Amino acid sequence: MTTLDCDLLVLGAGPGGYSAAFRAADLGLNVVLVERYATLGGVCLNVGCIPSKALLHVAAVMDEVKHFGSLGVSFGEPVLDVAKLRTHKEKVIGKLTGGLSAMAKMRKVTVLRGLGSFASAHHLKVEETTGGAQEKTGKQQTIAFKRCIIAAGAQAVRLSFMPEDPRVVDSTGALNLTQVPKRMLILGGGIIGLEMGTVYSTLGARLDVVEMLDGLMPGADRDLVKVWQKMNAPRFDNILLKTKTVGARATPAGIEVSLEGEGAPASQTYDLVLQAVGRAPNGKKILAEKAGVSVTDRGFIPVDIQMRTNVPHIFAIGDIVGQPMLAHKAVHEAHVAAEVIAGELKGNKELASAAFNARVIPSVAYTDPEIAWVGLTETEAKAQGIQVKKGLFPWSASGRAIANGRDEGFTKLLFDDSPAAHGHGKILGGGIVGTHAGDMIGEIALAIEMGADAVDIGKTIHPHPTLGESMGMAAEVAHGGCTDLPPARKFS
């Protein structure tokens, strides 16, 4: 067993982990990055965000061309080559992981492949792994560190009663695209399941979805989801809300699933079942207790605004510290932790004072149409008794959306309408449903961070004709100056 010394050890090389390692290296620290997979990028890049978007792009183009006959351009029926589609996905992953590997070398970050677990408060044991399944080779290495950032992420929740069968998959298995089923069941009505359902539906599958709650995509306002659901209704045979999956068994005909819920059939048989019921943090899998690090019963690691755990020289970031489990949150947390550590080790008070104090974190469902939201939702405002003024601009009045043949969406902004705001309340939240919603939600997040009001946004000149100008127009609706909609009804 060999021992390696470093200023900073980062456990996990997902978006948060590699960002922390690279930022710390840029600030002059000697960094070791431990990752169980053969490539950097973690779940997001290898078996999550990126490959799913590669497949969603293909699905979106396939769906788009179906409507071109009415525009005077006809295409033949698509011929699907699943092997080539998988190759395309792998090329996308390879280009990004290759770039990360090169950047790690440029920064002189030492990358070790293996399963990491704490041996003490200043030592991590790494068991070398190989192969796609991370088989242990028997070789071990110990890393001595001055500081540590835990970025060990989360993993998909698997229901205990589901059979071990290749026809039962999580999101990683679904991305392998080994088959295109005739009938597919999605367990869980959240973003991950519905994104993968979009891909499989376009490739030819008929979908059922089972959700315990009373609506799909929890967290988003219902008016946003309603637009998506209306447009996607043809994909589904059944959307079973307030329904539980209570059992399953593998049969030659498929996976027979037992259901409980109002109006739900007792059982149904499917060619493929996707488990998308959430993700669980990996806090219990790294022997954090040997370092004295507190871990909750659910596997989360509590941290302060500097991403510091209860052990002052050990930090944690990303999915493992709590919701929302989003890559863009992890990256910002990573930069904070790396800067605090570099500041402490280098005697730089400015860096050492860094803190994660984001006011809002945007969420995006990369379905078709996309749904994106940030800050306060209408549902939350109502529940909390917060008075808001809404500016909603329907894309049916957007020249660009109409030209694109995609005017089903809208942009909605919410402003503080409490008496203390005196009619000039700052923006509190917003949502968009429509094509490229995820690309545009950042402007609303920036407006919230900057404390903009409806006049600030509405008087900012947006280019025409674009989908982005719908944000300016939604703000104009809120302060009463929009000339692209009929005049607001006035009551005498």
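Note: the structure precedes this text.
Parameters at a glance
Residues numbered from 1 in each chain as written. Predicted model: local features only at pLDDT ≥ 70, side-chain atom pairs only at ≥ 80, totals over all residues. Heavy atoms only, no water. Helix = DSSP H or I, 4+ residues; strand = E, 2+ residues; numbered from the N terminus. Buried < 20%, exposed > 50% of the residue type's maximum accessible area, 1.4 Å probe, protein only. Core = buried A, V, L, I, M, F, W, Y, C linked by side-chain atoms within 4.5 Å. Contact = heavy atoms within 4.5 Å. Salt bridge = Lys/Arg side-chain N within 4 Å of Asp/Glu carboxyl O.

Just to check I follow, could you spell out the side chain of serine 363 for this structure?
Here serine 363 shows up in strand S17 (residues 363-365). By relative accessible area, which is 15% here, serine 363 ends up buried.

In this structure, what is going on with unusual backbone geometry? I would like to understand it.
With the exception of glycine, most residues fall at negative phi, and the peptide bonds are largely trans. A cis amide bond links glutamine 323 with the next residue in sequence, proline 324, at an omega value of -5°. Mapped onto the elements of the fold, proline 324 is located in the loop between strand S16 (314-316) and helix H8 (327-346). Note the cis peptide between histidine 464 and proline 465, where omega equals -5°. Positionally, proline 465 belongs in the loop between helix H13 (454-458) and helix H14 (469-479). Backbone geometry at histidine 422 places phi at a positive 55°, although glycine is not the residue there. Along the chain, histidine 422 falls in the loop between strand S20 (410-416) and strand S21 (427-434). Taking the relative accessible area as the measure of exposure, histidine 422 reaches 64% and is therefore exposed.

So what exactly am I meant to see when it comes to the nonpolar core here?
The biggest cluster of nonpolar side chains holds 56 residues, and the ones touching the most others in it are Leu9, Val31, Val34, Phe118, Ile149, Ile150 and Ile314. Here this core gets 7 residues from one element, more than from any other, and that element is H8. Among residues more than four places away in sequence, those in contact with isoleucine 150 are Leu11, Phe118, Ile286, Ile301, Ile314, Phe315, Ala316, Ile317 and Ile320. Ranked by size, the runner-up nonpolar core spans 34 residues in total, among them Leu175, Val225, Trp228 and Ala276.

Mind showing me how you'd approach the pattern of salt bridges here?
For side chains bearing opposite charge, pairing can occur when the charged atoms are close. All told, the structure shown has 22 salt bridges when counted by the stated rule. Across the pair glutamate 64 and arginine 406 runs a salt bridge whose closest N-O atoms are separated by 3.9 Å. With a gap of 342 residues between them, glutamate 64 in helix H3 (residues 49-65) and arginine 406 in the loop between helix H11 (399-403) and S20 connect regions that are remote in the sequence. A residue is classified by how much of its surface remains accessible, and glutamate 64, at 28% relative accessible area, is partly exposed. For arginine 406, a relative accessible area of 8% translates into the label buried. For the salt bridge of aspartate 221 with lysine 412, the shortest nitrogen-to-oxygen distance reads 2.9 Å.

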